[in-house]
Amino acid sequence: MICYALLSRILFVIRTLIRVMREIVREIFGWVTRAISAFAALTDHVFSALPWPLNRVFGLVTKVIDGFAEGVDWLGEEVIIRLIDGVTEIVFEYAAYVLSWISWLLDWGIRWLPLLLSKKGVRTPMTVPLCVKILQDNGGKNAMEPSAVNRLIGQANAIMEDSNVQFVHASEMEFIQKQRFFEGVTGGFSGLFRRFFTWFSARAEPGCVTVFVVKEVEGATSCAYPGTNWVVIDVRATGATLVHEVGRLSDFWSRVEPVGDVEIMSAPNRFVLEDQCCMIRTSKFARLPRFDDLM
């Protein structure tokens, strides 16, 4: 969709600027801390050569300088960087979420036509690009191995085969070390007000569905929030789970009959409802196949 494509690129640029600003501030504070520490080491070397009691008196100056260096480092890492990472990111991502709904409303001005054609049976091949980001714990352990993710995507493609829709990789899989969200992500409406919502939103890629893979989603195997462009799945997820969450992002929100203890939109071998097929095919993520998608 036109409005979504334009907005996502603008938001991507702003998010990039925020990350660059964070790194610049970190480098500046790092340089200042190193300069103060180097000056402290120099004064310590000079003052230690003085006779007693001058070496003891001026040694206190060195300790004060060291303490000042630690204070600057703390100010940079714990206050300034956290302010950019936290408050700035949170405020921006919620504002971006509101803008995404505005673009969604505007895009309906042209979406109705391909939706109508799809309902009439005009269904050319379409692809839904995925950007997979696998979270790791502090020890570098993957929440799910890449081979398992590829099998899951293969299952999803089998489900979507009759709809002439295929999930494809938009980029190489990425690995992110983040213990805080490695497990314990919570699904449901309350998740909108949890820190993981803005953290995932800030790291989702434009022009695709970003799939964050975690070890566990509390109370579910996955979660997605309409209006965003990312989903979270855990190690218990299947291809049907992925189709289900992409359906949520594609504006199919009504509940369907559960299978077991998992609410899904798809049967094992085919898409259940025509409306679901049409909504995914005409979503802001769907695109015509590119040459590399066919390889």
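Structural data are supplied above this passage.
A few points on the structure. What you see is a predicted model, and the numbers here were worked out from it, not measured in a lab.

1. Comments concerning the packing of aromatic side chains
Logical step 1: Overall, the coordinates contain 18 aromatic pairs when judged by the stated rule.
Logical step 2: When the centroid spacing of 5.3 Å and the interplanar angle of 85° are considered together, the rings of tyrosine 97 and phenylalanine 197 count as edge-to-face. Of this pair, tyrosine 97 sits in helix H2 (residues 54-119) while phenylalanine 197 is found in helix H5 (residues 195-203), placing the two residues 100 residues apart along the sequence. Of the two residues, tyrosine 97 and phenylalanine 197, neither departs from the other in class, the shared state being buried.

2. Digging into the layout of surface pockets
Logical step 1: In this model, the second largest pocket occupies a volume close to 330 Å³.
Logical step 2: Lining the second largest pocket are 20 residues, and of these Arg9, Pro206, Gly207, Arg287 and Arg290 lie nearest its centre.
Logical step 3: In terms of residue count, the dominant contributor to the lining of the second largest pocket is helix H1 (residues 2-47) (three residues).

3. Here we look at the nonpolar core
Looking at soluble globular proteins, one finds that nonpolar side chains tend to be buried together.
Logical step 1: Residues Phe167, Phe200, Val211, Val213, Trp230, Val232 and Leu242 are the most contacted members of the largest nonpolar core, which totals 51 residues.
Logical step 2: Counting residues in hydrophobic clusters, the runner-up holds five residues, among them Leu7, Ile18, Phe92 and Ala96.

The rules behind these values
- Residues numbered from 1 in each chain as written.
- Predicted model: local features only at pLDDT ≥ 70, side-chain atom pairs only at ≥ 80, totals over all residues.
- Heavy atoms only, no water.
- Phe/Tyr/Trp six-rings, centres within 6.5 Å; stacked < 30°, edge-to-face > 60°.
- Helix = DSSP H or I, 4+ residues; strand = E, 2+ residues; numbered from the N terminus.
- Buried < 20%, exposed > 50% of the residue type's maximum accessible area, 1.4 Å probe, protein only.
- 1 Å grid on protein atoms, 1.4 Å probe; cavity = no way out; pocket = protein on both sides within 12 Å on 5 of 7 lines; lining within 4 Å.
- Points joined across faces, edges and corners; volume = space filled by probe spheres on them.
- Core = buried A, V, L, I, M, F, W, Y, C linked by side-chain atoms within 4.5 Å.

All we've got here are geometric facts, nothing functional implied.
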